[in-house]
Amino acid sequence: MTFLRVMVFSVLTLLAFTGFANLLPQVQSDAPSDEEAPTGAMDMPAFIAYGESLFSGAGTCTLCHNDLGRAPDLLQMDLRADFEERLADPKYGGPKDIESYIRESLVMPSAYVVPGFGKKGSNDTESPMPAANKPPIDLNDVQMDAIIAFLEDLAGYEPTVALPSGEETAPPPEPPAATADQGAPAATTAEEAIDKYFCAACHDLLGSEADLGPDLRGIGARLGEGGIMVAILDPNAEITEGYEPDIMPQDFAQQMSASELKLITDYLMNLPE
Amino acid sequence: MRHQRSLAFVALAAGAMLLPEIVRAAGDMAEAAANLPPAPQPSRADYPQIGGLSARTVAWGLAQMHLFLAAFVLAVPLFAIATEFMGQVTGDRRFDDMAHEFMKITMAAYSLTALVGGSLALALFLFYPQLMGYLLQVFRGQVLIYAALFLLESVTLYIYYYSWDALRYGNRKWVHMSIGLGLNTVGLTLMFVANAWATFMMSPAGVDFTTGAVTGSVWEATRNPLWNPLNLHRFLANIAYGGAIVGGYAAYMFLAEKDPVKKAHYDWMGYTSNFIAILGFLPLPFAGYWLMAEIYAYSQQMGITAMGGILAWLFIIQAVLIGTIMLAANYYLWSGLMRTERGAAYGKYVKYIMVVILGGFLVWVTPHSLILTPQEIQYLGGTQHKLLGPLGIMPAKNTAVNLMLVFTFLSFQMFYRSSRKPTNKFADIGNGLIIALYVIGIINIVGAGIYGYITPTVYKVGASVPQVISTLTIIVGAVIIDLFRLRGAEPEKVHWGRMTERSQYALFVLPVAFTWLMGLMGYIRSSLRTNWHVYTIMKDNSPEAYIPTIGQAGNTITVITLVFMAIMVFVFWLSRLGTTRQKDPSVRETIG
Amino acid sequence: MNTKQILAILIGLALWAAYFYAMDRYIMNAQGLPVGYDLMPL
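These numbers were taken from a predicted model, which means no experiment stands behind them.

### A look at the overall build of chain A
Part 1 of the reasoning: Across its full length, chain A holds 9 helices and 1 strand.
Part 2 of the reasoning: Helices (α) and strands (β) of chain A occur, in sequence order from the N terminus, as α-β-α-α-α-α-α-α-α-α.
Part 3 of the reasoning: Classification of the 273 residues of chain A by burial places 31% in the buried group.
Part 4 of the reasoning: Put simply, of all contacts in chain A between residues at least 6 apart along the chain, 57% involve residues at least 24 apart.

### Remarks on the interface of chain A and chain B
Part 1 of the reasoning: Taken together, the contacts link 35 residues of chain A with 45 residues of chain B.
Part 2 of the reasoning: Mapped onto the side of chain A that touches chain B, the elements with two or more residues apiece are helix 1 (2-23) and strand 1 (29-30) of chain A.
Part 3 of the reasoning: The greatest single-element share of the side of chain A that touches chain B, amounting to 11 residues, is contributed by helix 1 of chain A.
Part 4 of the reasoning: Taken together, the residues of the side of chain A that touches chain B sort by class into 18 nonpolar, 12 polar and 5 charged.

### A few points about the domain arrangement of chain B
All names here are of chain B.
Part 1 of the reasoning: Partitioning chain B into structural domains gives domain 1 (57-318 + 511-577) and domain 2 (341-493).
Part 2 of the reasoning: Computed from C-alpha coordinates alone, the two centres of domain 1 and domain 2 are separated by 29 Å.
Part 3 of the reasoning: Counting from both sides, the interface comprises 5 residues of domain 1 and, opposite them, 8 residues of domain 2.
Part 4 of the reasoning: Looking at side-chain class alone, the side of domain 1 that touches domain 2 contains 5 nonpolar, no polar and no charged residues.

### Here's the deal with unusual backbone geometry
Part 1 of the reasoning: Located in the positive-phi region is Asp-138 of chain A, a residue other than glycine, with phi close to 55 degrees.
Part 2 of the reasoning: You can see Asp-138 of chain A is positioned in the loop between helix 4 (98-107) and helix 5 (141-155).
Part 3 of the reasoning: Residue class for Asp-138 of chain A comes out partly exposed when judged on the 16 C-beta atoms lying within 10 Å of it.
Part 4 of the reasoning: Positive phi is not limited to glycine here, since Thr-536 of chain B has a value of about 65 degrees.
Part 5 of the reasoning: Assessed through the 21 C-beta atoms surrounding it within 10 Å, Thr-536 of chain B is described here as buried.

### Considering the environment of Ala-489 of chain B
Residue and element names in this part refer to chain B.
Part 1 of the reasoning: With respect to the helices and strands, the residue Ala-489 is situated in the loop between helix 19 (464-485) and strand 2 (490-491).
Part 2 of the reasoning: Judged by local crowding, Ala-489 falls into the partly exposed class, with 16 C-beta atoms found within 10 Å.
Part 3 of the reasoning: Sequence separation between Ala-489 and Arg-420 is 69 residues, and the spatial gap between their C-alpha atoms is 5.7 Å.
Part 4 of the reasoning: Residues in contact with Ala-489, not counting those within four places in the same chain, are Arg-420, Lys-421, Pro-422 and Thr-423.

### Thoughts on the domain arrangement of chain A
It is common to give the size of an interface as the accessible area lost on bringing the parts into contact.
Residues and elements named next belong to chain A.
Part 1 of the reasoning: As far as domains go, chain A holds domain 1 (41-171) and domain 2 (185-273).
Part 2 of the reasoning: The C-alpha centroid of domain 2 is placed 25 Å from the C-alpha centroid of domain 1.
Part 3 of the reasoning: Residue-level contacts link 4 residues of domain 1 with 4 residues of domain 2.
Part 4 of the reasoning: Residues of the side of domain 1 that touches domain 2, tallied by class, amount to 3 nonpolar, 1 polar and no charged.

### A short note on the interface of chain B and chain C
Part 1 of the reasoning: Chain B puts 21 residues into the contact, and the matching count from chain C is 17 residues.
Part 2 of the reasoning: The element contributing the most residues to the side of chain B that touches chain C is helix 17 (residues 426-453) of chain B, with 12 residues.
Part 3 of the reasoning: Considered class by class, the residues forming the side of chain B that touches chain C number 13 nonpolar, 7 polar and 1 charged.

### With respect to the packing of helix 12 (residues 312-336) of chain B against helix 16 (residues 394-418) of chain B
All names here are of chain B.
Part 1 of the reasoning: Where helix 12 meets helix 16, the axes come as close as 9 Å, and the angle between the chain directions of the two elements is 20 degrees. One way to sum up the angle between helix 12 and helix 16 is to call them roughly parallel. Between helix 12 and helix 16 lies a crossing whose hand is left-handed. Together, Met-326, Ala-329, Asn-330, Leu-333, Trp-334 and Gly-336 of helix 12 and Met-404, Thr-408, Ser-411, Phe-412 and Phe-415 of helix 16 make up the contact between the two elements.
Part 2 of the reasoning: For the contact of helix 12 with helix 16, the per-class residue count stands at 7 nonpolar, 4 polar and no charged.

### Concerning the environment of Tyr-26 of chain C
Part 1 of the reasoning: Along the polypeptide, Tyr-26 of chain C turns up in helix 1 (residues 3-30).
Part 2 of the reasoning: Once the C-alpha coordinates of Tyr-26 of chain C and Leu-7 of chain C are considered, the two residues, 19 residues apart in sequence, prove to be 29 Å apart.

Conventions we followed
- Residues numbered from 1 in each chain as written.
- Chains lettered and ligands numbered in written order.
- Predicted model: local features only at pLDDT ≥ 70, side-chain atom pairs only at ≥ 80, totals over all residues.
- Helix = DSSP H or I, 4+ residues; strand = E, 2+ residues; numbered from the N terminus.
- Buried ≥ 20, exposed ≤ 12 C-beta atoms within 10 Å, placed from the backbone.
- Contact = placed C-beta atoms within 7 Å.
- Nonpolar A, V, L, I, M, F, W, Y, C, P; charged D, E, K, R; others polar.
- Domains from an automatic or database assignment.
- Axes fitted to C-alpha atoms, helices over the stretch in contact; angles between N-to-C directions.
- Parallel < 35°, antiparallel > 145°, perpendicular 65-115°, else oblique.
- Left-handed = near helix turned anticlockwise from the far one by under 90°.

As structure tokens, this is what we get:
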């Protein structure tokens with residue numbers, strides 16, 4: 001008899017917990033699907049909508065960028081005013097156009113940390129945000145472009161990113177096309193040039209800690225000045241072991257000015273081991 | 001065809017890797033990442049489909065069952081050695097007898113643990129061969145060390161139990177306790193090794209982060225960021241869990257026994273095991289907090305998935321369970337006050353403690369965002385209640401749990417004092433100091449909570465540490481002062497056995513709630529990885545790579561818990577069967 | 001409650017308040033969260 005009472009009591013207790021679990025909101029979270037970013041003909045409004053779906057979906061941006069105070073609430077704040085303020089700030093040393101700033105925030109969040117949102121104890125020098133183009137978020141460039149388009153549109157600007165072309169696989173990282181850079185003066189320092197051409201997005205330069213491309217320390221000794229230039233202008237000529245061809249942009253020869261190439265080469269020649 | 005290939009790969013990898021790896025297991029083998037094989041990336045079709053079985057459910061069920069049993073089998077020797085030691089120190093035989101009785105229960109459970117563990121290993125290799133192949137690459141010779149440890153555990157366990165009466169007194173007793181110590185060391189090491197594998201899957205280390213190639217030593221992979229937090233958390237939880245289960249056993253025996261002497265024995269056993277359970281339970285929130293903090297530090301993404309994203313509601317369920325455990329434990333303590341005359345006098349404070357515990361529980365259970373229909377959202381003007389919404393964020397939760405812990409400890413302190421009448425001069429001063437300690441400590445806890453509302457996020461999070469230290473200071477300070485205060489105190493007669501039936505049901509709530517809670521937390525820990533086998537390194541492309549609804553998860557946990565309860569009933573029945581003797585019918589009773 | 005106890009409580013309040021205040025300040029600073037004498041963020 002005791003046994004029965006004890007068993008019934010225990011089972012009832014268990015059922016109470018189970019019942020509570022079933023009363024709460026039931027949400028099933030599916031794994032992000034394997035399909036690549038939609039390519040092919042997409043106009044800008046569709047691209048912006050895609051960016052918005054990524055923002056609250058696969059990009060997991062809204063996990064932190066909400067009103068709970070963990071990260072700037074991008075959907076609620078006055079983005080335009082914030083962007084203008086950021087770019088006008090003389091202390092801010094990053095790219096000087098909106099699109100590049102957003103892209104930098106996505107791939108190198110610690111390059112600039114909004115005051116008050118840095119990691120605890122790092123005095124706003126380190127951002128808790130993970131790089132959007134690496135796992136676990138792992139967005140490809142088309143997806144990042146979509147999010148940039150979405151944010152630019154949200155801020156009230158005309159989106160400046162390129163629409164995706166009709167390729168099946170994710171296109172290699174491209175320098176921003178048709179941006180304010182057209183006709184802009186050539187970079188005057190190595191750091192400016194590196195920023196302009198997004199070298200640090202793939203190579204560990206200027207503290208980016210990126211490792212999509214080979215480590216460039218000591219490259220001067222390995223390749224020499226001429227070798228570095230060839231590596232920049234014709235990346236597929238020689239691929240470092242362990243890396244894939246067709247990832248590094250092939251069109252620096254058309255985009256870069258000779259003075260910029262020289263600046264970057266000199267910088268890399270002087271990189272310590 | 002594909003899964004046969006994978007199995008062949010596993011066998012080949014195991015054979016090729018293990019032989020030289022036995023020798024090199026502890027060595028450092030860093031090589032250029034580019035030359036090493038990357039982590040496998042199986043596609044959906046690579047996952048074996050066996051019959052209509054749900055791979056995930058099978059693995060989940062076996063893993064959770066193994067953890068339940070293993071927690072029990074690790075916990076009981078822990079407080080067997082502790083009670084054995086207390087028996088030596090106090091000279092009270094009851095402790096030694098109780099320790100012996102605990103160990104008897106463990107024996108049956110041990111082989112079941114190994115059985116389920118073996119089944120788990122088989123299931124994992126069957127359903128997730130690529131993952132297991134990869135983990136073997138990472139941990140190499142350590143799996144053989146794990147096997148060797150099991151051998152050692154068996155040897156020490158059997159010797160510890162069977163030599164109990166042979167090594168009973170004097171120096172031999174200390175030999176016996178050394179064996180017990182060895183048993184516990186081996187058991188702990190076993191758990192630490194298995195923890196390394198589980199935490200590696202969440203916070204990998206010693207591998208190349210882009211390809212998953214194994215670049216570091218086994219020790220590097222073992223010592224990943226979440227290893228020690230999980231070690232501490234599971235160590236404490238095991239103690240609490242073992243205490244709760246034995247308490248349930250004692251409560252059942254108390255209810256079933258008619259003989260008042262036996263009832264008194266089981267009442268005493270119930271109190272002692274409940275004491276041990278709460279002792280293990282009190283520091284658990286802090287260990288859990290450390291674990292969560294390390295998860296956040298490792299990956300904000302993972303941390304926020306847990307507490308701000310899809311898994312957030314699970315922590316409300318956790319709050320309900322912990323609140324239940326707290327209420328049950330406190331109720332049992334209050335009921336225990338009736339065992340002494342002095343205790344009854346403390347009874348008048350119980351209602352205030354209950355207000356705090358209940359209030360804390362309600363705060364804990366309050367979510368930040370409410371479950372509302374769109375019309376309700378419109379009516380309310382948002383998803384958060386204006387007054388109660390703020391109770392949903394961490395400062396309120398931390399304040400509530402710290403206060404609940406302080407007041408639970410107060411219940412203990414009252415019971416401890418109820419059987420001791422203070423006689424020394426320090427008594428009054430000491431009491432004054434303790435009252436002051438509680439007052440300032442509580443003000444500090446509440447103050448730090450309010451502080452969290454008026455400061456930026458990083459300060460809000462940082463304010464929880466002073467709260468924890470306040471709670472610990474109160475507990476440690478009060479214990480030390482009371483120890484001095486009650487030196488040479490006049491002992492009051494404790495009427496063991498003088499307990500209501502109701503109070504024993506509180507002792508049943510504990511193991512049931514603990515078990516279900518363990519299942520829930522295990523589910524959270526596994527889900528944190530979302531769709532990764534090894535976070536950011538090896539994606540989970542299996543057909544069941546999704547996070548089920550809370551209801552489904554709750555149902556699965558309940559089924560596993562029910563099966564476990566059946567197993568424990570069987571185990572307890574076995575141990576009693578072992579002492580039952582059938583009367584020989586051929587022997588006639590002679591009288592006089 | 002006699003005078004001894006009341007005295008003990010009062011002195012205890014002062015002592016514990018000092019301890020907790022010092023502990024709070026130390027812990028916040030040690031976590032990399034500078035606070036001033038009023039314990040508010042600097």
